[in-house]
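# Results of the structural survey
Chain by chain, the residues:
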Amino acid sequence: MNEALDASPQCTPKENSTLHSSAERPGVCPGGGWRAAGRSSGVTGSQGGGPLLGVTGSQGGGPLLGVHSVSGPSADNSDLGLAEELWSQRPPWEGTLLGRIRTMMAMEQSLALETICRCLDEHSQDPEEPTSAFDSGVHKFLEFLGLDPKKSEEKAFLFRLYGLILRECASSERVEHHLACLLELSHQPPGQREGIALAVGLASARHLKEVWALLEHLGRTRFLRSVATPEESQDDVLTSSFLTAAILLTRALKREYGVQNYKFTQMPELIHCLLGMLQKEPNFLATLLRQKIILVIVGLSNLRPSLKPLEKSRVLQTCLRSVYALPPLEPAPDVMVLYKKTERALDLLLQNFVSENPSMDEVCFLLQHMEHWLKSERTHEVKRAVQSIFLLLQHVVDSMKFTGEAMPSMLGHQIGLLVLLWRDRDDGTRYHAHQCVFLLLQLMAQQKGVSVDLSHWNKVKNFEAKTAKDWDMKLHHTAKALEEGLTVAQHTQLVLMLLGSLCSPSHLRCDLASTLLQLIFSASSIRTEQVAEILHSLFQELPAIQFKSIQQTMTKAVLDLGLQHTQEVVEVILSLCHPSERRLLSLWKALAARYQLARKVMTLLYMKLKLRPPKEHMQTPPQAHLISLLALSTIYELLYTREYRGTVRWAFAGLLLGLLTQLHYLFELGLGEGISDYEEDDLEARPLGPCRTCLEALKGLFWTTQYWEVFAHLKLLQGWELFEQMETYTDGVTLLARTMAQYNCEVKAVLGQAVIFLKSEEERDNVVAILIIAEFLHSPDVSQHVSRKTMSSSLSRGLNNPNSLVRASSLSGLRCTRMRPKKVTLLRNQLMGLLEGFLQPDPRDPLGLMEILGDLLHRLGVQGAGIASLRIAQHLLPLFEDERAEVRGGAIFLFGDAIHSGSQKFQQAVKALASQALVPLLLHLLDSCPAVAMKSKLTLLRCAIVHKWEFRKELFGKLAWGEGLGAENDVFIYVVESNFGSYHQFLMQAFTYLGSSQSNLKVAAMKFIGGLLQDYFTDLCFYLKKSDVKTLKKHLEALSQDTDSASRRFYRRSLADITELSFYAS
């Protein structure tokens, strides 16, 4: 700083009664400007400083001093050095001269000033003429002072004389008047500018207040207009003149004794002008103008009052940009010297700000303004910023000691920025970034008042990573050092900053950030109170991560976080957005990487599903306040997530009862509206309502596990529709439980869960539990899972339940064959007696008979029905072709129950019966009655399950959702291909339907026969006998005289095939 602001004569502010007149307000000058208020006047001040304002003015209204850019290396700044030289010179005659000036009267001083000013003005208009030719009054005045009249030819002498007379004036009004006249002179010649600056500086030694006020006033009224509308021809002149005055004035203030007793309230406008000059500088180094402007600002910032944060921020932004944004330097020595001096001035500015406010808050404030440059893509800009930070922190550590306990959280963010530079391409940047992090940790440790633990940091600071293993160890120690050195808030900001860097296009930076994050997460460094903010940030960044390896690393980090804070992580993820948002799945999948953690997650979701406040305690609308709805939607999404398949199986029983009771709860809240509007084949992605979501989750629970048969059974029976209304809800639960018992679906786990629910105080839990228990009692395996005594106790408890359905179901359960084994014989005898009804040619009430038989089969179960189930199935086959649709449908449905009820002992006979029914069932898929067709689908699927076909799940898909000829062809293939060696039997059965009275069945038979003859002709040749071919011809001949043209065409097309078959039949 001393390079630009050399020492000046020591001056003392003049204390007199003219500081404030009775007509003035304290601190306000008569011209509307401002002035410094001394303590003697009662005006208080505060330590600090402010910007130096530019000044405009000229002869005839032109600019006097202005801030404009210096146009290139040709800018003339020589006047700065001359002004400093003139200021520092003290001629031997000055002492005598001052004595004579002090003896002059006020009017004599004014006359002398006017004479000199006029002389200077006339000379500036015609510099070629000597001064003596214009004004002899100057000669007389010099003679009065005892000086050589020839000195009037020396402009520098006249300016010095003018300044000395102004300094000795006692009247502030007179000083202001004559100073304004001086400033109106032309500033075009460099010597004129030097002289004006010298005179102003001399006058400010005793009239600082008046000089400051006038400069500020003229700057506001003229100079700022000049900045807005610059005149290019005057730029260099104005810049040089203003900066010269600013340097001399700043040095005068620096030397002035007691300057801190004054308050300069218009400093921001002054510094604004200096910043304007800095902004106008060209983007290369040719002069020291940048350095001198910054140093002037440094000097002014020491004045009172202190700069406000916004003003200081503007200074930092402008100065940093002026230096850092310079292009890479040329290797020329003179350019390097210029930059070093300019960089040093910037360092002094930063250090000065910290000295004014020695605190961690101030350090953080300065580093915030460096962030833009630390993130720059230009290597030289980053290098300059990091070096400045290093020098600043080194200065603070070496020469300052902070007071107070301020620990700004943003320091964590700034440390993160510096850490990411550890893998910068430039060696110097990497080195300084390391040192900066160490210095910041040292500062924070000192701020806490504790000794610095360097154990981890020394391993980082002095350790060169030569291999990948070394680098990993280095980062490990770094994570530990940061954990120990930062507060929780700072640590949070560090993590957030690293998360924000994951989307950087630089793979090295992303890799460093992700690796550090994983180390931080895995080391249990994240506290509970940090989880929410960190996860919110991570959720925002994950979709924008460009590199797959970084995504994988962050997945592991989320897993580590989930292992440590499972409950908090689950709660935060639920709050991020609606569970249907697909981007949430990445977080849930990360938690599923560990099986035990996935179980904890599912358990927490189940617990939140059970948070069901009563309707009267809820606000409207209720769905806006239910955490259980978020848990429900999340469970629905996870059912179809591959990573959670095993966990869903593990939690099957709890999820089942949780979903069933949740649906009942939603009906209680009146949220069932729109549940029936759902269409499975609707391709438009419309959000599901709460009840629909619950029902779809219930269906998905079976579909996504190996219990898809239960889903299929209810689907083909249209049983899922029973859950769409509260009135049929209990029927749906009963049918679901019965089907689960038939397919032995998690009987043990669900039964145990149901017993627990039966003890609940919630009525809905009791209802669901007793309906499940009552049906499970008919399962053949129930005795293996729970003792009869335990079940009797649970059912007896249900008899005292306030709900009538629970009481009735409990009583029914106590009377079942599982609880009363002696009833098995009675029911079996009753079943055998009813079988006689099928032997009659025309049973009186076949539907009622089949209903009773079905109920008996259900009550007896698989083990109890025995051989009777086979006999029932045999008697039902002929009824498939009954003319009455309800009889056909009843027989087909009961046939499915009968073959399912056949015990393991009769499995071969059961499979044989199922095979006999395949072709009739296949053809009845096109039955004229839709109800019969639907029951045919279910029974055909049950036959496939009995035979354990490989493609039975695919068969169900076609039966449930397939349409058109493509679906018919697929079902045909599944049936035929799953029964190798039975093609000839299928053909024989199909030919019998050519004489069916139902046109639908007749057409279906022709399609089936045509397919067999076309695709399996060779196999038929191998298996058919001569007698079989004769039978086929007999059935075919009946079509030759058929009135239906399609039948006659089929006859002609098939006759050739049958004839050819006769040649190969054995």
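Residues numbered from 1 in each chain as written. Predicted model: local features only at pLDDT ≥ 70, side-chain atom pairs only at ≥ 80, totals over all residues. Heavy atoms only, no water.

### Quick word on the overall build of the chain
The cut-off we apply is this: Secondary structure elements are defined from DSSP: runs of H or I of at least 4 residues count as helices, runs of E of at least 2 residues count as strands, and each element is numbered from the N terminus. For the exposure calls, accessible area comes from a 1.4 Å probe over protein chains only, and a residue counts as buried if that area is under 20% of its type's maximum, exposed if over 50%, partly exposed in between. Here, two residues are considered to be in contact whenever any of their heavy atoms come within 4.5 Å of each other. Per-residue and other accessible areas follow the Shrake-Rupley method at a 1.4 Å probe size, with only the shown protein chains counted as cover for residues.
From N to C terminus, the chain includes 50 helices and zero strands. Every one of the 1066 residues in the chain was classed for burial, and the buried ones make up 56%. Counting contacts in the chain only where the partners sit at least 6 residues apart, residues at least 24 apart contribute 76% of the total. For the chain, the exposed surface amounts to about 46000 Å²; the carbon and sulfur share of it is 51%.

### A look at unusual backbone geometry
Even without a glycine there, the phi angle at Gln-718 is positive, about 60°. Structurally, Gln-718 is set in the loop between helix H31 (708-716) and helix H32 (729-742). In this structure Gln-718 comes out as partly exposed when scored by relative accessible area, which is 48%. Within the chain, Asn-744 stands out as a residue other than glycine whose phi angle is a positive 55°.

### What about the side chain of Ser-1047?
Quick note on the threshold: As used in this structure description, the phrase polar contact means that two N or O atoms lie within 3.5 Å; if the pair is within protein, one of them must be able to donate a hydrogen and the other to accept it, and residues adjacent in sequence are counted only when both atoms belong to side chains.
One can find Ser-1047 in helix H50 (residues 1045-1064). Judged by its relative accessible area of 1%, Ser-1047 is buried. A distance of 3.5 Å separates a polar atom in the side chain of Ser-1047 from a polar atom in the side chain of Lys-1002. When neighbours within four sequence positions are excluded, Ser-1047 is seen to be in contact with Lys-1002, Met-1006, Leu-1039 and Asp-1042.

### Structural notes on the nonpolar core
How we decide: Each nonpolar core is a collection of buried residues, namely Ala, Val, Leu, Ile, Met, Phe, Trp, Tyr and Cys, held together in the definition by side-chain atoms within 4.5 Å.
In this structure, Trp-588, Leu-656, Phe-702 and Phe-723 are the most contacted members of the largest nonpolar core, which totals 333 residues. A per-element tally of this core places helix H29 (residues 652-668) first, with 11 residues. For Phe-702, the residues in contact, after removing those within four places along its chain, are Phe-652, Leu-656, Tyr-707, Trp-708, Val-710, Phe-711, Trp-720, Leu-736, Met-740 and Cys-745.

### Quick look at the packing of aromatic side chains
Spelled out, the test is: When the centres of two rings from Phe, Tyr and Trp lie within 6.5 Å, Trp using its six-membered ring, the rings pair. Their planes under 30 degrees apart give stacked, over 60 give edge-to-face, and anything left gives tilted. Two limits define a charge over a ring: the Lys NZ or Arg CZ must be within 6 Å of the ring centre, and within 35 degrees of the ring normal.
Overall, the coordinates contain 25 aromatic pairs when judged by the stated rule. Considering the side-chain rings of Phe-667 and Tyr-729, the 6.5 Å spacing of their centres and the 75° angle between planes classify their relative orientation as edge-to-face. Residue Phe-667 is located in helix H29, and its partner Tyr-729 is located in helix H32; the two are separated by 62 residues in the primary sequence. The class for Phe-667 is buried, based on a relative accessible area of 14%. The side chain of Lys-312 reaches across the aromatic face of Phe-353, ending 5.1 Å from its centre.

### A word on the pattern of salt bridges
The cut-off we apply is this: What makes a salt bridge here is a side-chain nitrogen of Lys or Arg within 4 Å of a carboxyl oxygen of Asp or Glu, nothing more.
Scanning the model with the defined rule gives 30 salt bridges in all. A salt bridge links Glu-168 to Arg-206; the shortest N-O distance between them is 3.3 Å. Of this pair, Glu-168 sits in helix H5 (residues 155-168) while Arg-206 sits in the loop between helix H7 (190-204) and helix H8 (208-228), and the two are 38 residues apart along the sequence. In this structure, the salt-bridge partner of Lys-383 is Asp-426, at a minimum N-O distance of 3.8 Å. On the criterion of sequence distance, the pair formed by Lys-383 in helix H15 (residues 379-399) and Asp-426 in the loop between helix H16 (410-419) and helix H17 (427-448) is long-range, its members being 43 residues apart. Residue classification places Lys-383 among the partly exposed residues on the basis of a relative accessible area of 36%. Each of Arg-102, Arg-167, Glu-168 and Arg-206 takes part in salt bridges that share partners, so that together they form one network.

### So, H16
Counting buried residues along H16, nine of its 10 residues qualify, which places the element largely inside the surrounding structure. Where H16 is concerned, the buried positions are Leu-411, Gly-412, His-413, Gln-414, Ile-415, Gly-416, Leu-417, Leu-418 and Val-419.

### Things to note about the layout of surface pockets
The condition that has to hold: Lining residues are those with an atom within 4 Å of a point, where the points come from a 1 Å grid over the protein atoms alone and group into cavities, where a 1.4 Å probe fits but cannot get out, or pockets, open sets with protein on both sides within 12 Å along at least five of seven lines. Grid points are joined across faces, edges and corners, and a volume is the space filled by probe spheres set on the points. Under the scheme applied, nonpolar residues are Ala, Val, Leu, Ile, Met, Phe, Trp, Tyr, Cys and Pro; charged residues are Asp, Glu, Lys and Arg; polar residues are all the others, including Gly.
What the largest pocket holds in volume is close to 1400 Å³. In this structure, the largest pocket is lined by 48 residues; those nearest its centre are Gln-742, Asp-897, His-900, Ser-901 and Arg-942. If you list the elements that add at least two residues to the lining of the largest pocket, you get H31, H32, helix H39 (846-865), helix H41 (885-901), helix H42 (907-923) and helix H43 (930-947). Its residues assigned to classes, the lining of the largest pocket comprises 16 nonpolar, 20 polar and 12 charged.

### A short note on the packing of helix H13 (residues 333-356) against helix H14 (residues 360-374)
How we decide: Every angle, taken between N-to-C directions, lies between 0 and 180 degrees, and every axis is a line fitted to C-alpha atoms, over only the stretch in contact when it is a helix. Orientation labels follow simple angle bins: below 35 degrees gives roughly parallel, above 145 gives roughly antiparallel, 65 to 115 gives roughly perpendicular, and whatever is left gives oblique.
Where H13 meets H14, the closest approach of the two axes is 9 Å, and the angle between their N-to-C directions is 150°. Considering their axes alone, H13 and H14 lie roughly antiparallel with respect to each other. Residue-level inspection shows Leu-350, Phe-353 and Val-354 of H13 in contact with H14, the latter providing Glu-362, Leu-366 and Met-370. Partitioning the contact of H13 with H14 into residue classes produces five nonpolar, no polar and one charged.

### A short note on the environment of Trp-650
Tracing the chain through its elements places Trp-650 in helix H28 (residues 645-650). For the pair Trp-650 and Met-602, spaced 48 residues apart in sequence, the C-alpha to C-alpha distance is 9.5 Å. In this structure, Trp-650 is in contact with Tyr-595, Arg-599 and Thr-603, ignoring residues within four places of it in sequence.

### Details of the side chain of His-413
For His-413, the position within the fold is in helix H16. Ignoring anything within four residues of it in the chain, the contact list for His-413 reads Glu-371, Gln-493, Leu-494 and Met-497.

### Details of the environment of Glu-571
Relative to the elements of secondary structure, Glu-571 occurs in helix H24 (residues 566-576). Note: C-alpha distance between Glu-571 and Ile-627 (56 residues apart in sequence) is 9.6 Å. Looking at Glu-571, its side chain comes within polar contact range of the side chain of Lys-608, at 3.3 Å.

### A short note on the packing of H31 against helix H44 (residues 952-961)
Filter applied, for reference: Left-handed describes a crossing in which the near helix is turned anticlockwise from the far one by less than a right angle; the clockwise case is right-handed.
Interhelical geometry of H31 versus H44 gives an angle of 20° and a closest axis separation of 11 Å. Classed by the angle they form, the pair H31 and H44 counts as roughly parallel. In this structure, H31 meets H44 at a crossing whose hand is left-handed. From H31, Trp-708, Glu-709, Phe-711, Ala-712, Lys-715 and Leu-716 reach across to H44, where they touch Arg-952, Lys-953, Phe-956, Leu-959, Ala-960 and Trp-961.

### Observations regarding the confidence of the model for the chain
What counts here: What pLDDT conveys is the predictor's confidence in a given residue, as a value from 0 to 100.
Looking at the chain, pLDDT values average 81 and 83% of them are 70 or higher. Below a pLDDT of 50 lies the segment residues 1-88, which in the model reaches 302 contacts outside its immediate sequence neighbourhood of four places, other chains included. Predicted confidence for residues 224-230 stays below pLDDT 50, and this span has 12 contacts to residues more than four positions away or in other chains.

### Some words on the environment of His-187
On the secondary structure map, His-187 appears in the loop between helix H6 (172-183) and H7. On the basis of relative accessibility, which here comes to 4%, the residue His-187 falls in the buried class. Placed 63 residues apart in sequence, His-187 and Ser-124 show a C-alpha to C-alpha distance of 8.9 Å.

### Examining the state of the cysteines
Where we set the bar: Disulfide assignment relies on a single distance test, namely cysteine sulfur atoms paired within 2.5 Å.
Evaluation of the coordinates by the stated rule reveals zero disulfides. Here Cys-117 stays unpaired: no disulfide links it, and the sulfur of Cys-181, its closest cysteine neighbor, is 5.4 Å away. Its relative accessible area of 11% is what places Cys-117 among the buried residues. As a non-bridged cysteine, Cys-119 has Cys-117 as the owner of its nearest cysteine sulfur, 9.8 Å distant.

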